[in-house]
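Each chain is listed here by its residues.
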Amino acid sequence: MAKVQTDRRDFVKYSTLGVLGLVLGGGIIFSPYTLRAENRLRPPGAMPEKEFLALCIKCGQCLQVCPYHSIELADMAMGHGEGTPYIDANVRACYACEAVPCVLACPSGALDHSCEKAEDIKMGIAVLEFPDTCLAMSNTPVPKGYNDKMHKFIDGVRHINPLEDQLLEKFDKYEGEQCTLCADMCPIPNPMGAIAMVPDANGGNKPEIYDGCIGCGACQEVCPTSKPSIVVKPRVTYDEYYTNKS
Ligand code: SF4
Ligand code: SF4
Ligand code: SF4
């Protein structure tokens, strides 16, 4: 008898957990924990996370129009928000198209149509997270093979857009040079307002971030260190990270 009760308790416990898992997996509950756990870079114009998850109809229109193949749809393994679009800047960042076609293509309002041009994009903020590994700060030239990852990505793309070829051409010229890749590859119309190489205390240079950064993640993608020295903090503003920090 005791065994049956234990089994029943276990059944109730595990089926409850199972249902909870399914609910969370489907993105139905927006607990503060779930939203905090969500740390994905969303496409340009994305509404605040809770609204974004409620509005996105998972149609994939945004990723179909992206010329850089920047947008992916989350799969089940990624937890909640299955089928919603995100950008993995370690793989392919956003390159801030002037007319922001991903936003234009969004039929649901999950990507806010008031984001009309590259300067309107606010996805997050770049941070030199690992200064100890930054090549510029140790005067280490960009090593051979630094561009393998981007070539591999392009090789896997079925229909390469000419813009991707131009990007690769620009990126391919840095072997043996002092690293300025994050600053040079910043795609916004006024990159000097977002990032610049400045002298550091040890006689090297370091990237410095300014309030024009839109958090597109290009600097993270092109950083040649094995774990990018510079990363984007999704949904964090310049003021939140830099101004209010000190
Ligand atoms: S702005 Fe351009 S590169 Fe960035 S996600 Fe939208 S379509 Fe892709
Ligand atoms: S500094 Fe980095 S994240 Fe910011 S706009 Fe430039 S490339 Fe994008
Ligand atoms: S891309 Fe920027 S952050 Fe990365 S190693 Fe080069 S200078 Fe440093």
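Definitions and cut-offs
Residues numbered from 1 in each chain as written. Chains lettered and ligands numbered in written order. Predicted model: local features only at pLDDT ≥ 70, side-chain atom pairs only at ≥ 80, totals over all residues. Helix = DSSP H or I, 4+ residues; strand = E, 2+ residues; numbered from the N terminus. Buried ≥ 20, exposed ≤ 12 C-beta atoms within 10 Å, placed from the backbone. Contact = placed C-beta atoms within 7 Å. Core = buried A, V, L, I, M, F, W, Y, C linked by C-beta atoms within 7 Å. Near = placed C-beta within 6 Å. Nonpolar A, V, L, I, M, F, W, Y, C, P; charged D, E, K, R; others polar. Pairing = 2+ DSSP bridges.

J.: Can you break down the overall build of the protein chain residue by residue, with the values?
T.: What the protein chain contains, in helices and strands, is ten helices and six strands. Taken across its 246 residues, the protein chain has 35% of its residues classed as buried. Long-range pairs, those at least 24 residues apart, make up 68% of the contacts in the protein chain with a sequence separation of at least 6.

J.: Summarise the nonpolar core; cite the residues concerned and give the values.
T.: Among the nonpolar cores identified, the biggest contains 60 residues, and Cys182 and Cys219 are the most heavily contacted of them. Broken down by secondary-structure element, the contributors of at least two residues to this core are helix 3 (49-55), strand 2 (85-87), helix 5 (101-105), strand 3 (124-128), helix 8 (181-184), helix 9 (218-222) and strand 6 (230-234). Per element, the largest residue contribution to this core is four residues, and it comes from strand 3. Residues within four places of Cys182 in sequence aside, it is in contact with Ile195, Pro207, Cys219, Val222, Cys223 and Ile230.

J.: Any chance you could break down the site of ligand 1 for me, citing the residues and the numbers?
T.: Around ligand 1, 13 residues are found, and the nearest of them are Cys66, Ser70, Cys94, Cys97 and Cys102. Split into classes, the residues belonging to the shell around ligand 1 amount to twelve nonpolar, one polar and no charged.

J.: Tell me about the site of ligand 2, and name the residues and values.
T.: By nearness alone, 14 residues border ligand 2, and Cys186, Ile195, Cys213, Cys216 and Cys219 come closest of all. Residue classes in the shell around ligand 2 are distributed as twelve nonpolar, two polar and no charged.

J.: So what's going on with the pairing of strand 5 (residues 205-209)? Which residues, and what values?
T.: Burial along strand 5 is one-sided: the residues Asn205, Pro207 and Ile209 are buried and none of Lys206 and Glu208 is. Alignment of strand 4 (residues 195-199) against strand 5, held across five bridges, turns out to be antiparallel. Across the sheet, residue Pro199 finds its bridge partner in strand 5, namely Asn205. Between strand 4 and the antiparallel strand that follows it, strand 5, lie five residues; Gly203 among them carries a positive phi value of about 85 degrees.

J.: Explain the environment of Asn147 to me, and be specific about the residues and the numbers.
T.: By the secondary structure assignment, Asn147 is in the loop between strand 3 and helix 6 (148-155). By C-beta crowding, Asn147 is classed as partly exposed, having 18 other C-beta atoms within 10 Å. Considering only alpha carbons, one finds Asn147 and Phe171, 24 residues apart in sequence, at a separation of 7.4 Å. Residue contacts for Asn147: discarding those within four places in its chain leaves Phe171 and Asp172.

J.: Any details on unusual backbone geometry? Residues and values, ideally.
T.: Generally, phi is negative for residues other than glycine and the peptide bonds are trans, each holding for most cases. Positive phi values are uncommon outside glycine, yet Ala96 reaches one of about 50 degrees. Within the secondary structure, Ala96 sits in the loop between strand 2 and helix 5. At Val100, a position not held by glycine, the phi torsion is positive, near 45 degrees. Take Val100: it is sitting in the loop between strand 2 and helix 5. Among the residues examined, Val100 registers 25 C-beta atoms within 10 Å and is labelled buried.

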